[in-house]
Amino acid sequence: MKVFLVQFDIQWHDAEANFNRVRALLDQETIPPGSLIILPELFAVGFTMNVEVAAADEPTRTTSFLTELATTHRSCVIGGLATRDDSTGKGFNQLAAFGPDGTELTSYQKRRLFRYTNEDKSYLPGSSLSLFNFGGLKIQPLICYDLRFPELFREGVQSGAESFIVIANWPKTRHEHWTTLLRARAIENQAFVFACNRVGSDPALSYAGGSQIFDPQGKPRCPESSEEIILSAEINPTAVSQWRTEFPALADL
């Protein structure tokens, strides 16, 4: 299976500009049917605490776009979006995945909210993990700050996860943490990690990209970049079971 990470400069509060940029970047690639295409957290609007803007016309606006990409490229597409809880006025920082025929494969709500930027004052946390099957792998998606909490990944492994997707708006100031934690999650869970971050800047933060694919032994499969780029790698789903059999660390949980 081929994995594509769409690392791009998200335009602040401009969904149509971001949709058009993603289309243009993907149109430059040769994408085999059955690929996995991953977009960043809140890729339509940026990491905004303005729920009214982020959730405008959602979930239809962004899920329609993700479905379009999935059916056009005959691949699985996953990306972040926000929706609004009418009872509280707060938002849900979510992601959704769609299969090659446009069927929704899963949705997930971010479980650990980034108190440091007051995300918890604008959004509500999720409470459950999400798993889906694609390309011969059982996949658990997570969102940005979730990466700092290894128990969320262990919960997935104990439910059968063989790979993790992490979508993010992870800032440049803590870029080394991003790379270190991603690699650690791959090594300790003997799983693929597919991580998609943004580049550029928003009114509050700058972003250094660093999107990456780590194999189950923690080896990087892409050259790291801080530029707007699509990173890709061919992965063998059987590498997970092979390494877990050869080095059965998870049997000692």
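Model, not experiment: these values are computed from the prediction.

Visitor: Can you tell me about the packing of aromatic side chains, naming the residues and giving the values?
Guide: Taken as a whole and assessed by the stated rule, the structure comprises ten aromatic pairs. Aromatic side chains Phe19 and Phe43 sit 6.0 Å apart centroid to centroid with 50° between the ring planes, which places their arrangement in the tilted category. Placement of Phe19 in helix 1 (residues 15–27) and of Phe43 in the loop between strand 2 (36–38) and helix 2 (51–54) is noted, with a sequence separation of 24 residues between them. For the pair shown, Phe19 and Phe43 are each scored as buried. Clustering of aromatic rings is evident, with ring pairs tying together Phe114, Tyr116, Tyr145 and Phe149. Above the face of the Phe149 ring, Arg112 is positioned so that its terminal group lies 5.3 Å from the ring centre. The ring centre of Phe153 lies 5.7 Å from the NZ or CZ of Arg185, which sits over that ring.

Visitor: Any chance you could break down the packing of helix 5 (residues 150–158) against helix 6 (residues 175–189) for me, citing the residues and the numbers?
Guide: For the pair helix 5 and helix 6, the least separation of the axes is 11 Å and the interaxial angle reads 35°. In the packing of helix 5 onto helix 6, the handedness of the crossing is right-handed. Note on element contacts: helix 6 touches helix 5 through Arg185, Glu188 and Asn189, opposite Pro150, Phe153, Arg154 and Val157. Class assignment for the residues of the contact of helix 5 with helix 6 results in three nonpolar, one polar and three charged.

The rules behind each value
- Residues numbered from 1 in each chain as written.
- Predicted model: local features only at pLDDT ≥ 70, side-chain atom pairs only at ≥ 80, totals over all residues.
- Heavy atoms only, no water.
- Phe/Tyr/Trp six-rings, centres within 6.5 Å; stacked < 30°, edge-to-face > 60°.
- Helix = DSSP H or I, 4+ residues; strand = E, 2+ residues; numbered from the N terminus.
- Buried < 20%, exposed > 50% of the residue type's maximum accessible area, 1.4 Å probe, protein only.
- Lys NZ or Arg CZ within 6 Å of the ring centre and 35° of its normal.
- Axes fitted to C-alpha atoms, helices over the stretch in contact; angles between N-to-C directions.
- Left-handed = near helix turned anticlockwise from the far one by under 90°.
- Contact = heavy atoms within 4.5 Å.
- Nonpolar A, V, L, I, M, F, W, Y, C, P; charged D, E, K, R; others polar.

So yeah, pure geometry; function would need other evidence.
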